[in-house]
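Here is how the chains run, residue by residue.
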Amino acid sequence: MVLKNPDRKEIKEVLDNAKTIAVVGLSPNPMRTSYMVSKAMQDAGYRIIPVNPMADEVLGEKSYASLAEIPEAVDIVNVFRRSEFLPGIAEDFLKIDAPVFWTQLNVVDEEVFNRLNAAGYTVIMDRCIKVEHAILK
């Protein structure tokens, strides 16, 4: 399966225009990749909104049980859940109407990619947002 992610120029535009990133599956454990990546993005100036029903707070921000509970606009939804959870997360994503759906390395679902892309959303899969940010800044 080969997904056609946006090119680096478009990814740079996404990152330059974004202010708020909702992170689905953000762990409160500082040793987890989701925490380290989100902390780096927070340190780079992005507002991080944790989405984890098992956590009250992560990185000094209130955690929400689902995307639908977030009371403000989100620019990027960054997913740190296994690929099999993507269809359900995509359903939640469509309800909040954020412009960008981004999944971390090895998190891929071609059907979800095609569906969201066809609906006009920017979809980036199997890419680390922290790595992209570091390369493109």
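Residues numbered from 1 in each chain as written. Predicted model: local features only at pLDDT ≥ 70, side-chain atom pairs only at ≥ 80, totals over all residues. Heavy atoms only, no water.

**Focus on the overall build of the protein**
So, step 1. For the protein, the count of helices and strands is 5 helices and 7 strands.
So, step 2. Its helices and strands in sequence order give the protein the pattern α-β-α-β-β-β-β-α-β-α-β-α, from N to C terminus.
So, step 3. Rg of the C-alpha trace for the protein: 14 Å, near the compact-globule value of 14 Å for 137 residues, within the 12% margin.
So, step 4. In terms of overall dimensions, the protein has C-alpha extents of about 35 × 30 × 25 Å along its principal axes. (Helix = DSSP H or I, 4+ residues; strand = E, 2+ residues; numbered from the N terminus. Rg over C-alpha atoms; globule rule 2.2 N^0.38 Å.)

**Section: the pattern of salt bridges**
So, step 1. Considering all chains together, one arrives at 8 salt bridges under this definition.
So, step 2. The salt bridge partner of Asp-16 is Lys-12, with a shortest N-O separation of 3.1 Å. Taken together, the residues Asp-16 and Lys-12, both in helix 1 (residues 8-17) and 4 residues apart, mark about one turn of the helix.
So, step 3. With a relative accessible area of 32%, Lys-12 lands in the partly exposed category.
So, step 4. Between Glu-132 and Arg-127 there is a salt bridge, and its shortest N-O distance comes to 3.9 Å.
So, step 5. Each of Arg-8, Arg-127 and Glu-132 takes part in a single network of salt bridges with overlapping partners. (Salt bridge = Lys/Arg side-chain N within 4 Å of Asp/Glu carboxyl O. Buried < 20%, exposed > 50% of the residue type's maximum accessible area, 1.4 Å probe, protein only.)

**As for the packing of aromatic side chains**
So, step 1. For the structure shown, the criterion picks out 2 aromatic pairs.
So, step 2. Here Phe-93 and Phe-101 contribute two aromatic rings whose centre-to-centre distance is 5.0 Å and whose plane-to-plane angle is 70°, an arrangement assigned as edge-to-face. The exposure classification of Phe-93 matches that of Phe-101, with both residues buried.
So, step 3. Aromatic side chains Phe-93 and Tyr-121 sit 5.0 Å apart centroid to centroid with 70° between the ring planes, which places their arrangement in the edge-to-face category. Linking Phe-93 in helix 3 (residues 86-96) with Tyr-121 in the loop between helix 4 (110-118) and strand 7 (122-124), this pair joins segments that are 28 residues apart in sequence. The residues Phe-93 and Tyr-121 share a single accessibility class, namely buried.
So, step 4. One aromatic cluster in this structure is built from Phe-93, Phe-101 and Tyr-121. (Phe/Tyr/Trp six-rings, centres within 6.5 Å; stacked < 30°, edge-to-face > 60°.)

**Here's the deal with the side chain of His-133**
So, step 1. Inspection of the secondary structure assignment puts His-133 in helix 5 (residues 129-136).
So, step 2. Its relative accessible area of 15% is what places His-133 among the buried residues.
So, step 3. Filtering out sequence-adjacent residues up to four positions away, His-133 remains in contact with Leu-15, Met-41, Ala-44 and Tyr-46. (Contact = heavy atoms within 4.5 Å.)

**Digging into the UniProt feature "domain: CoA-binding" (unreviewed entry) in the protein**
So, step 1. UniProt marks residues 15-107 with the feature "domain: CoA-binding" (unreviewed entry), using the numbering shown here.
So, step 2. Summarising residues 15-107: 27% helix, 24% strand, and an end-to-end C-alpha distance of 19 Å. (UniProt positions renumbered as here; feature names shortened; annotations may be inferred.)

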